[in-house]
Each structure stands twice: as structure tokens, then as C-alpha cells.
Amino acid sequence: MSLRLRDTLSGEVRPLEPLEPGHVRIYSCGPTVYGPTHIGNFRSFLFADLLVRYLRYRGLRVTWVMNLTDIDDKIIRGASAAGESIEELANRWIARFLADADALRMTPPDVLPRATRHIDDIVGLISTLESKGHAYRTDDGSIFFRIDSWPAYGRLARLDPDQLRVGERVEADEYGKDDVRDFALWKGSKPGEPSWSTELGEGRPGWHVECSAMSMRHLGPSFDIHTGGVDLVFPHHEDEIAQSEAATGLPFVRTWLHCAHLRMGGEKMAKSTGNIARVAELLEAGVSPRALRYVLLAVHYRQGLDYSETALDAAGAALERLDTLLTTLEGYGETRDDDPTLSELLDRTRSDVEAALDDDLNVSAALAALFDLVRDANRRIAARSISTSDAGRIAAFLRDLDRVLGVLPAEADALEPELAALVEARAAARAARDWARSDQLRDELAARGVAVEDTRDGQRWRRLESVG
Ligand SMILES: [Zn+2]
């Protein structure tokens, strides 16, 4: 495998060598389902999507697991405020998350495990940690991981163990801890809170332990890649490593990938500060889901990304260039010999795109190579130097690369019957040389998001992607 990835833990860029040849196992920390997921979270999910798509494009088998945190303090508070069960609240927000993910064309993960459906796995893991001396109980029935028992703690975040968690708020239910740095594996039950009756006693799981239990359940004790936003490095992923490796004695994850923050208005996007934009609200406001996907995907995942209307407009413009080329290619007709230099152009573009993505998913370099091709293809079309079958080859090439990017319009993008009737009526008006009627229909279509153009190959339509 020629893909090289930068591992957060070692700091090294290393070739991906799946533990099972040909099969890559990936775990991504997913959303906590107590409200709509903001686009900063989706940036992290979409970079994992790009990775999954690229590995599959390269012919590898991928098992992609993304958890849904459906039990935590915020969910309990939200359900209580809404007068519903945590299950009802979680179901509502899971449905919204899946709809948002679908709108942004995120590949559906192979498994979307829910914490509340894995209580047995979580209890088993905590029992193992207890029996190995890595966990202890407090008076209220909670169980904590003892950080002193795990000397490697802090390696992922490169922290001095003695400085850990300084300034971190001490939760009221954590006052019984031996050490302020220790974290809760199990929270003893409290009146009015959901709890499970288990061999550990009555209670509910802490957040960190669910990811260890569910990733190992679905991917095994050691797996290839773990992804998440950079804000999860500490303490969440540090805790995942400690509790997983302390329990199994095996290396937990081969490669850790962390996505940098999304900023808006110069500030980090975070629910805690209210500086957030949500997918559904943007789409309702008329933002194109393809343009949103493009914005969130087009910058290397380890670089900070600024989200703005300007960035969205630039994404819309980039997509229009791709759409226009595709529409032009699909309607192109020229009877002549095939262009003997075309294969070389397509091969070079493919190897440039692959070399860029092999380099730790350098998507901006991959897109640069793609737009070099767009320029070159447009030049050849203008000069009519390619044949009809050449045009078909370029279009097929773009479609093939789009298995990785997922930004081109859907292939069988037929117009709604009503709009198709308008397009046909305009063709009839032009045939009858009724230019006033033709212009009127063009304006009507434009107002409904469809551009029509008259080319020497006839009238063509495409959907407008620019932002309202
Ligand atoms: Zn997690």
C-alpha cells in the first residue's frame, strides 16, 4: 500500500500496513446525539469518509465503525427538559444526524454502534480493568481508572503526567477520586437518572470507556486507524488507549488521525461557545449540500479551516466548473480521430491525484491536479481537437475519480417532469424562432435553479450550484 499517514501518537508519517493484509479497520468517534451536529463535527466525519472512499478506490476492503454516544449528562438533561426518555431523544437526533450525513454524501459507516446497546461489552471491559488493578470503586458506586497504574498515560497528547488535568473542572460526582486525574469508567446510579443493573452494580457507563468497548467489539483488540477531531486527543483518546491497552495488554491502535478545528469568524467552532453552524439550517437557507461538502473536504485535514460565505461561494464556483465541463462533455459531438495525447493526460492526472492522496490525504493537491485537467479539457473542447469518444473517456474518468471525492452531480440526474417540460418547451420555442418565449422560459428555469445554454451541440441544461 502506497498510502502514508501521519500518526498523532508517534508523530511519524508511515505507510499504512493493515494488520490483516487487504483489509483496513477504522474507528471514528461519532456524535453525541443530544442536538444537531454542527459542521465542525462533520469536517471530522468527512475526512474519515475521504479516507474510507480512497482506500476502497484503491481496492482495499474497509470496515468503518462510527459510534453514536446515546447516553451522557447532556442527553439525560435534554430528555428530562423535553419530558421524554433518553431513547426517544437519542432516536430523534440520530435520525437527524443520518439525514445530515446523507445530504453531505458521507459514506454510511458499516457499523454505527450505540453505547446503550453495548452495556455488556462495557461492563466486561471495566471488570477486566478492576481485576487487573487498574480501576477502583468509590462510595457512590462509581468506578474510576487509576492513571497511576498506567505509566504510558499522556503519550498521545505529549503531556507531562504530573501536569495532567490541571484546571479541569472536577465534577461533583467525582469528588471521591483518589487522584484528580483519574477518570470515570462507571457512574454510580443517582435518583432520576437512567441506570443499568449489572455485575458492577447499578449505574451507567462513562463516556471514554464506550469507545474502547465498542471499537474492540467490532474491530478486535488491535485495529488499524482511529480518527477524531483534535479536541478528542485529550482526554478522550488518551483515556481510550489507557483503558484498552491496560485491559488487553495489546497495542490498541496502529495509526491515530486527528482533524484540525473548523473556525468561523476567526473562532473555533464549538457548541460550548455557541459559535456553530448546523447542516440542516444551512441547507434550509439554500446552501448547496455539494458546496458544503466541498468546503469541508477541500483543505488538508490537519490544517485549520475557516468556514465563511466566501469559502462557500468559492466551492460553488469550483463545482460549477466541474459541472459545466461534465455537461459539455456529455453533449459534445465531433467526428474525428481520437486524440492520441489524451491517454497520457488522463494517466498523468490519475497518478498526480493518487500521489497527492497517498501523501497523508493531501486533498488540496489532488484537487489542483484535477483542475489542471479541467483547464486542459476545456482547451481541447474549445479547439474541437477531441472526438466524441474522447469526450466520453474524459467524462468517465471524472466519474471514476469522483468515487473518492463524491462531489459531482448524481449520474442519472434527470430533471423533475415539470422542469423537463419547460426545457422542452424552450427547445420548441427556439425551433419556431420565438426568441421572446425562449428567453422567458430561460429566465423561468434559472429562477428554479436550472441554467440552460445554447451550444453548437444544441440546448443543454445544468443545475445551478451557486449559493443564494
Ligand atoms: Zn470516542
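Residues numbered from 1 in each chain as written. Predicted model: local features only at pLDDT ≥ 70, side-chain atom pairs only at ≥ 80, totals over all residues. Heavy atoms only, no water.

Novice: Outline the pairing of strand E9 (residues 201–205), supporting the account with residue identities and numerical values.
Specialist: For a regular strand, side chains alternate in direction, first toward one face of the sheet and then toward the other. Sheet topology places strand E7 (residues 183–188) next to E9; three bridges connect them, and they run antiparallel. Bridging from a neighbouring strand, Trp-186 pairs with Pro-205 of E9. In this structure, strand E8 (residues 196–198) lies alongside E9, joined through three bridges in antiparallel fashion. In the sheet register, Thr-198 faces E9, and the bridge partner there is Gly-201. Following E8, the chain reverses through two residues before pairing antiparallel with E9. (Pairing = 2+ DSSP bridges. Helix = DSSP H or I, 4+ residues; strand = E, 2+ residues; numbered from the N terminus.)

Novice: Could you give me a rundown of the packing of helix H9 (residues 309–331) against helix H11 (residues 363–382), with the residues and numbers involved?
Specialist: Between H9 and H11, the shortest axis-to-axis distance is 11 Å and the interhelical angle comes to 40 degrees. The angle between H9 and H11 places the two elements in the oblique class. The handedness of the crossing between H9 and H11 comes out as left-handed. In this structure, H9 uses Ala-318, Arg-321, Leu-322, Leu-325, Thr-328 and Leu-329 to contact H11, whose residues at the interface are Leu-370, Phe-371, Val-374, Arg-375, Ala-377, Asn-378 and Ile-381. (Axes fitted to C-alpha atoms, helices over the stretch in contact; angles between N-to-C directions. Parallel < 35°, antiparallel > 145°, perpendicular 65-115°, else oblique. Left-handed = near helix turned anticlockwise from the far one by under 90°. Contact = heavy atoms within 4.5 Å.)

Novice: Explain the packing of aromatic side chains residue by residue, including any values.
Specialist: Evaluation of the coordinates by the stated rule reveals ten aromatic pairs. Between Phe-223 and Phe-252 the ring centres are 5.2 Å apart and the planes differ by 80 degrees, which places this aromatic pair in the edge-to-face class. Of this pair, Phe-223 sits in strand E10 (residues 223–229) while Phe-252 sits in the loop between helix H6 (233–248) and strand E11 (253–259); the two residues are 29 residues apart in sequence, bridging distant segments of the chain. Feature note: the residues Tyr-27, Phe-223, Phe-252 and Trp-256 constitute an aromatic cluster, connected by ring pairs. (Phe/Tyr/Trp six-rings, centres within 6.5 Å; stacked < 30°, edge-to-face > 60°.)

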